[in-house]
Amino acid sequence: MTSLPEQTDRKLGLVIDLDTCVGCHACVISCKGWNTENYGAPLSDQDPYGADPVGTFLNRVHSYEVQPDQGPAQLVHFPKSCLHCDDAPCVTVCPTGASYKRVEDGIVLVNEDNCIGCGLCAWSCPYGAREMDAAEGVMKKCTLCVDRIYNENLPEEDREPSCVRTCPAGARHFGDFSDPESNVSKLSAERGGMDLMPELGTKPVNKYLPPRPKDSWQGEVDVLAPWLEPVAQEPQGFFGWLDKALEKF
Amino acid sequence: MHPAPSVIIFTTFSGLGLGLLFWLGISPDPHGGWVGFTFFFIAFALACGGLAASTFHLGHPERALKAFTQWRSSWLSREAWSAAGALAVMGLYAFFWVLLGIHIAPLGWLGALLCLATVGTTSMIYTQLKTVPRWNHWSTPALFFALSLGGGALLAGYINTAVFLIALSGAVQAYWFWQGDQRFSDSGTDLGTATGLGSRGKVRAFEPPHTGTNYLLNEFVYVVGRKHGDKLRLISLALSTVLPLLLLLTNPGHLLAVIAVISHVTGVVVSRWLFFAQAEHVVGLYYGKR
Ligand code: SF4
Ligand code: SF4
């Protein structure tokens, strides 16, 4: 049913730390690897070894330059996947009921057997989180690795989304935002977790942690700095004589 | 947005066909016999042809019936119901009148209402999208209604009504074109809000996530022909509005009327191409584009 649930029992989602992400794209690759062989249709590529390769991905990493009024520019790597919005427009536009938000954990999924591939859900998503698979003609999106997080065949430490498990920098965190004591709720509260395009009213569950401000040298003196001051301001001895002698020319 | 031919054909011709069916449905003294048959045939051919074209852009047209299930929440599903209802009721009305000679006026009114509902729900599929500021405005349904009813009146041969409605649709169209240029910046969405980094400085897309293209860029960031936008707008207005009006005001015979129809339809096709090609989706911002 493509009406949204009034509320969900839990709110599973990700915290993405823009301060920590190094832009290595490991999450992109691990996501494609896991999801092409698990939930639903594979993530196909067209012309993968040719001149114009294109393919379906559920997670992509952009890079932005932020130039403040003062000081040096900052480079921010920006991973983007479905934000599992509370007020998900992609769910309500779907004519078939293929797109839905789960009551038990808030994950937004596509039931591919019902999807007619009309593409309207991708049109309604502001974040570009949905891609139509060109080979299967059905809509693909992040499942929050619903086939890992509850999977008892996997060792405990692997029961989190593939991107989170893979990130070598620890820039991605998975948890339940409905619990104020969860790792993700605390992180988001501590670091000022942000919504993307809040003005569109989608109420994303995933939060982004802003990069910390860059260091600056203005007004800051290192405690050791005084010890590094030049000791002799005036040359003495032979160099003193030489200095004075040369001045006379 | 990518101007897919199937969607342009769908919205243009189903709009025209439904507009014609509307006027046939409310006519107090419709043509009977062969003339009536011809009118209904043209209307159904346009409406059904357009609606059939809309299934060509589906990834799985064989599952299209599932689109009837979510009418409570989805405008696309509501459109499927109104379209099916309009065609069924108008089909029945035409059957009784043209073949049996029995004019059941209330059936025609109900069918006309369903035709309007179909045009309205079609326009809402686009209007509801906050992600495309150019469409997300009351003037989008106004434009769809004006073009459908104006084109329908022209096809039905209601000259006076057609003159009025085509002039009106031209005005709405012009407003929609030029006022629409404002709407993206009015929406307040930019790369700053898209990344949440806007408060820290000027945000610039530095490196895209992929070297080639992808579904998102092909579907949502269509830039071909943008530089000819203004010229195409004038061509569209000249063909859809100005020329038909001039012809209609000369009290035309059949031949000139046919030319007026062809000109109007061509103008609407150009307008629909621009409707998609000039619509910018907010996702383009992530790629530093619009
Ligand atoms: S990010 Fe896009 S696809 Fe995911 S829930 Fe929100 S609107 Fe839907
Ligand atoms: S593409 Fe599939 S999931 Fe998306 S709106 Fe259409 S039917 Fe629903």
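- Under an unreviewed UniProt entry, the name given to chain B is DMSO reductase anchor subunit (DmsC), and the source organism is Pelagimonas phthalicica.

- An unreviewed UniProt entry lists chain A under the name Tetrathionate reductase subunit B, from Pelagimonas phthalicica.

1. Topic: the overall build of chain B
No. 1: Looking only at helices and strands, one finds 10 helices and one strand in chain B.
No. 2: Across chain B, helices and strands are ordered from the amino to the carboxyl terminus as α-α-α-α-α-α-α-β-α-α-α.
No. 3: A globule of 290 residues ought to have a C-alpha radius of gyration of about 19 Å, and chain B, at 21 Å, matches this closely.
No. 4: Counting only C-alpha atoms, chain B reaches 70 × 45 × 30 Å along its principal axes.
No. 5: Burial statistics for chain B: of 290 residues in total, 55% are counted as buried.
No. 6: In chain B, of all internal contacts separated by at least 6 residues, the share reaching a separation of at least 24 is 77%.
No. 7: In the form shown here, chain B has an accessible surface area of approximately 12400 Å², with 72% of it arising from carbon and sulfur atoms.

2. Here we look at the overall build of chain A
No. 1: Scanning chain A for helices and strands turns up seven helices and 11 strands.
No. 2: For chain A, the C-alpha radius of gyration of 26 Å lies well beyond 18 Å, the compact-globule estimate for 249 residues.
No. 3: With the C-alpha coordinates of chain A rotated into their principal frame, the extents come out at 95 × 50 × 40 Å.
No. 4: Considering only contacts within chain A whose residues lie at least 6 apart along the sequence, 61% involve residues at least 24 apart.
No. 5: Summing over all exposed atoms, chain A offers an accessible surface of approximately 12400 Å²; the carbon and sulfur share of this is 54%.
No. 6: Charged side chains in chain A number 22 positive and 38 negative. The centres of these two groups are separated by 1 Å.

3. Focus on the interface of chain B and chain A
No. 1: Contact residues are listed per partner, giving 56 residues for chain B and 57 residues for chain A.
No. 2: Summing the contributions of chain B and of chain A, the shared interface buries around 4500 Å²; its carbon and sulfur component is 60%.
No. 3: For chain B, the biggest contributors to the area lost against chain A are B:Arg200, B:Tyr215 and B:Tyr286; these three give 15% of the whole.
No. 4: Between the two partners, chain B and chain A, sit one salt bridge.
No. 5: The shortest N-O distance in the salt bridge between A:Glu65 and B:Arg204 comes to 3.0 Å.
No. 6: For the interface between chain B and chain A, the tally reads 26 residue pairs in polar contact (both at pLDDT 80 or more).

4. Observations concerning the sheet that holds strand S4 (residues 59–67) of chain A
No. 1: Strand order across the open sheet formed by three strands is S5(A)-S4(A)-S1(B), with antiparallel pairing between neighbours. Looking at which strands have only one partner, the edges of the open sheet turn out to be strand S5 (74–81) of chain A together with strand S1 (202–207) of chain B. Each strand of the sheet is rotated relative to its neighbour by a mean of 35°, with strand direction disregarded.
No. 2: Here five bridges tie S4(A) to S1(B), and the two strands are oriented antiparallel to one another. Considered in S1(B), the bridge of A:Glu65 is made with B:Arg204.

5. Quick notes on the packing of helix H1 (residues 5–26) of chain B against helix H2 (residues 33–54) of chain B
Residues and elements named next belong to chain B.
No. 1: Orientation of H1 relative to H2, taken along the N-to-C sense of each, is 150°, at an axis distance of 7 Å. In this view, H1 runs roughly antiparallel relative to H2, as classed from their interaxial angle. In the packing of H1 onto H2, the handedness of the crossing is left-handed. Of the residues in H2, those in contact with Ser6, Ile9, Phe10, Phe13, Ser14, Leu16, Gly17, Leu18, Leu20, Leu21 and Leu24 of H1 are Phe39, Phe40, Ile42, Ala43, Phe44, Leu46, Ala47, Gly50, Leu51, Ala53 and Ser54.

6. What about the UniProt feature "transmembrane region" (unreviewed entry) in chain B?
Residue and element names in this part refer to chain B.
No. 1: UniProt records the feature "transmembrane region" (unreviewed entry) at residues 7–26, 32–59, 80–100, 106–126, 138–156, 232–249 and 255–275, using the numbering of this structure.
No. 2: From the first C-alpha to the last, residues 7–26 spans 28 Å; its make-up is 100% helix and 0% strand.
No. 3: Along residues 32–59, the helical share is 79% and the strand share 0%, with 42 Å between the first and last C-alpha atoms.

7. Things to note about the site of ligand 1
No. 1: If you check the shell around ligand 1, you find 13 residues, and the closest are A:Cys82, A:Leu83, A:Cys85, A:Cys90 and A:Cys125.
No. 2: For the shell around ligand 1, the class distribution of residues is 10 nonpolar, one polar and two charged.

8. Topic: the environment of B:Ala162
All names here are of chain B.
No. 1: Here Ala162 is to be found in helix H6 (residues 159–186).
No. 2: Take Ala162: its relative accessible area is 0%, and that puts it in the buried class.
No. 3: C-alpha of Ala162 to C-alpha of Pro244: the two residues are 82 residues apart in sequence and 9.4 Å apart in space.
No. 4: When sequence neighbours within four positions are dropped, the list of residues in contact with Ala162 reads Gly150, Ala153, Leu154, Ala167 and Leu248.

9. Comments concerning the pairing of strand S1 (residues 12–17) of chain A
Residues and elements named next belong to chain A.
No. 1: Taking burial as the measure, the six residues of S1 include six buried ones, the bulk of the element.
No. 2: The side-chain alternation of S1 yields two buried faces, one formed by Leu12, Leu14 and Ile16 and the other by Gly13, Val15 and Asp17.
No. 3: Pairing between S1 and strand S10 (residues 172–176): five bridges, direction antiparallel. Its bridge partner lying in S10, Gly13 is registered against Gly175.
No. 4: With three bridges joining them, S1 and strand S11 (residues 207–209) adopt parallel strand pairing. Its bridge partner lying in S11, Val15 is registered against Lys207.

10. A short note on the pattern of salt bridges
Residues and elements named next belong to chain A.
No. 1: Counted according to the given criterion, the structure contains 18 salt bridges over all chains.
No. 2: For Lys11, the salt bridge identified is with Asp86, shortest N-O distance 2.9 Å. Placement of the pair is Lys11 in the segment before S1 and Asp86 in the loop between S5 and helix H2 (89–92), with a sequence separation of 75 residues.
No. 3: Assessed through its relative accessible area of 29%, Lys11 is described here as partly exposed.
No. 4: In this structure Asp86 comes out as partly exposed when scored by relative accessible area, which is 24%.

11. Some details on helix H9 (residues 229–249) of chain B
All names here are of chain B.
No. 1: Here H9 is 21 residues long and its end C-alpha atoms lie 29 Å apart, about the 30 Å a rise of 1.5 Å per residue gives.
No. 2: For H9, the complete set of buried residues consists of Gly229, Arg233, Ser236, Leu237, Ser240, Thr241, Pro244, Leu245, Leu247 and Leu248.
No. 3: On its buried side, H9 packs onto helix H5 (139–156), H6 and helix H10 (254–277).
No. 4: Just past H9, the residue Asn251 takes up positive phi, approximately 55°.

About the criteria used
Residues numbered from 1 in each chain as written. Chains lettered and ligands numbered in written order. Predicted model: local features only at pLDDT ≥ 70, side-chain atom pairs only at ≥ 80, totals over all residues. Heavy atoms only, no water. Helix = DSSP H or I, 4+ residues; strand = E, 2+ residues; numbered from the N terminus. Rg over C-alpha atoms; globule rule 2.2 N^0.38 Å. Buried < 20%, exposed > 50% of the residue type's maximum accessible area, 1.4 Å probe, protein only. Contact = heavy atoms within 4.5 Å. Areas by Shrake-Rupley, 256 points an atom, 1.4 Å probe, with all protein chains shown as cover. Lys, Arg positive; Asp, Glu negative; His and termini not counted. Charge placed at Lys NZ, Arg CZ, Asp CG, Glu CD. Buried area = accessible area lost by both parts, 1.4 Å probe. Salt bridge = Lys/Arg side-chain N within 4 Å of Asp/Glu carboxyl O. Polar contact = N/O pair within 3.5 Å; in protein donor to acceptor, adjacent residues only side chain to side chain. Pairing = 2+ DSSP bridges. Axes fitted to C-alpha atoms, helices over the stretch in contact; angles between N-to-C directions. Parallel < 35°, antiparallel > 145°, perpendicular 65-115°, else oblique. Left-handed = near helix turned anticlockwise from the far one by under 90°. UniProt positions renumbered as here; feature names shortened; annotations may be inferred. Near = heavy atom within 4 Å. Nonpolar A, V, L, I, M, F, W, Y, C, P; charged D, E, K, R; others polar. Expected span 1.5 Å × (residues − 1).

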